[in-house]
Amino acid sequence: MRRIAVFVALTVSLVACSDATTPPTGGGTTSSSPRADERRVGVYGSLITELAGVEPIEWRHVYVVTGLCANADEPMKPEGCDDQLSEAERTVLRERLDGMRLRFIDDPTSLYDDEWMQGPPRDVVLRLGPIVERAGEVRVGASYGCGGLCGGGTTYVLEEADGSWSVVGQRGGMWIA
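Predicted, not measured: the structure shown is a model, and the values here were computed from it. (Residues numbered from 1 in each chain as written. Predicted model: local features only at pLDDT ≥ 70, side-chain atom pairs only at ≥ 80, totals over all residues. Heavy atoms only, no water.)

A. Quick look at the sheet that holds strand S7 (residues 150-161). What the six strands build is an open sheet, ordered S4-S1-S5-S6-S7-S8; its pairing is mixed. The open sheet has two edge strands with one neighbour each: strand S4 (102-105) and strand S8 (164-176). For this sheet, the mean angle separating the axes of adjacent strands, direction not counted, is 30°. Where strand S1 (residues 61-65) lies against strand S5 (residues 123-134), four bridges are found, and the strand directions are parallel. Counted as the bridge partner of Val62 is Val124 from S5. Lying on the sheet, helix H2 (residues 38-52) is in contact with S1, S4, S5, strand S6 (137-147), S7 and S8; it crosses S5 at an angle near 135°. (Pairing = 2+ DSSP bridges. Helix = DSSP H or I, 4+ residues; strand = E, 2+ residues; numbered from the N terminus. Axes fitted to C-alpha atoms, helices over the stretch in contact; angles between N-to-C directions. Contact = heavy atoms within 4.5 Å.)

B. Summary view of the pattern of salt bridges. In this structure the tally under the stated criterion is 11 salt bridges. Among the salt bridges present, the one from Glu38 reaches Arg96, with a minimum N-O distance of 2.5 Å. A residue pair is termed long-range when its members are at least 10 positions apart, and Glu38 in helix H2 and Arg96 in helix H3 (residues 87-96) qualify at 58 residues. Glu38 sits in the partly exposed class, given a relative accessible area of 44%. (Salt bridge = Lys/Arg side-chain N within 4 Å of Asp/Glu carboxyl O. Buried < 20%, exposed > 50% of the residue type's maximum accessible area, 1.4 Å probe, protein only.)

C. Quick look at the state of the cysteines. Counting across every chain of the model gives two disulfides. Between the sulfur of Cys69 and that of Cys81 lies a disulfide, 1.9 Å long from S to S. Because the sign of the S-S torsion sets the handedness, a value of about 105° for the bond joining Cys69 and Cys81 places this disulfide among the right-handed ones. Of this pair, Cys69 sits in the loop between strand S2 (67-68) and strand S3 (83-84) while Cys81 sits in the loop between S2 and S3, and the two are 12 residues apart along the sequence. Overall, the relative accessible area of 38% leaves Cys81 in the partly exposed class. Here Cys146 engages in a disulfide with Cys150; their sulfurs sit 1.7 Å apart. Between Cys146 and Cys150 the sulfur-sulfur dihedral comes to about -70°; the bridge is accordingly left-handed. (Disulfide = S-S within 2.5 Å.)

D. Region of interest: unusual backbone geometry. Although it is not a glycine, Arg101 adopts a positive phi angle of roughly 55°. Structurally, Arg101 can be placed in the loop between H3 and S4. For Arg101, a relative accessible area of 42% gives the class partly exposed. Located in the positive-phi region is Ala135, a residue other than glycine, with phi close to 50°. On the secondary structure map, Ala135 appears in the loop between S5 and S6. Taking the relative accessible area as the measure of exposure, Ala135 reaches 72% and is therefore exposed.

E. Just the nonpolar core, in detail. Among the nonpolar cores identified, the biggest contains 32 residues, and Ile48, Leu102 and Leu128 are the most heavily contacted of them. In this view, Leu128 contacts Tyr44, Leu47, Ile48, Leu51, Val64, Gly67, Leu68, Cys69, Ala72, Gly141 and Ala142; residues no more than four positions away in its chain are not counted. (Core = buried A, V, L, I, M, F, W, Y, C linked by side-chain atoms within 4.5 Å.)

Such coordinate-based values are descriptive only and should not be taken to indicate function.
Quick look at the structure:
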């Protein structure tokens, strides 16, 4: 009889625990869901806005390369791409930069066709580097390309004020096409 009472108590406890850990319905997030790093989203959101606004063009699409490369500020083959924008960060950036026609792409090579090289600029491809803190500054190498002789890159300096990041300067060399 005592075994039955212990078994019933254990069963009731397990049922109660399983009900308590049921995930929410309707697409809610759970504690195991990846979250966006707010600092990175703030820095990269500000930099995307800056780069997409360099040329006075309303872009058909703003492509952001998902790999964050150490030489993103150079017009060379990407190297040192040891990090990338997470899916959670991409989701938040899409939401925050809603009117920008933002698209994320792993490899933009397929975009670089004859129309890209010789036609009028319609799309822009942004390459971003890792966030580096140096001498009390936040720096990010980045570049943009918009076809043919349309593009540029440098290392940008960003600052945070009142919870918002903004580009405040540049460091090092700069290239323009």
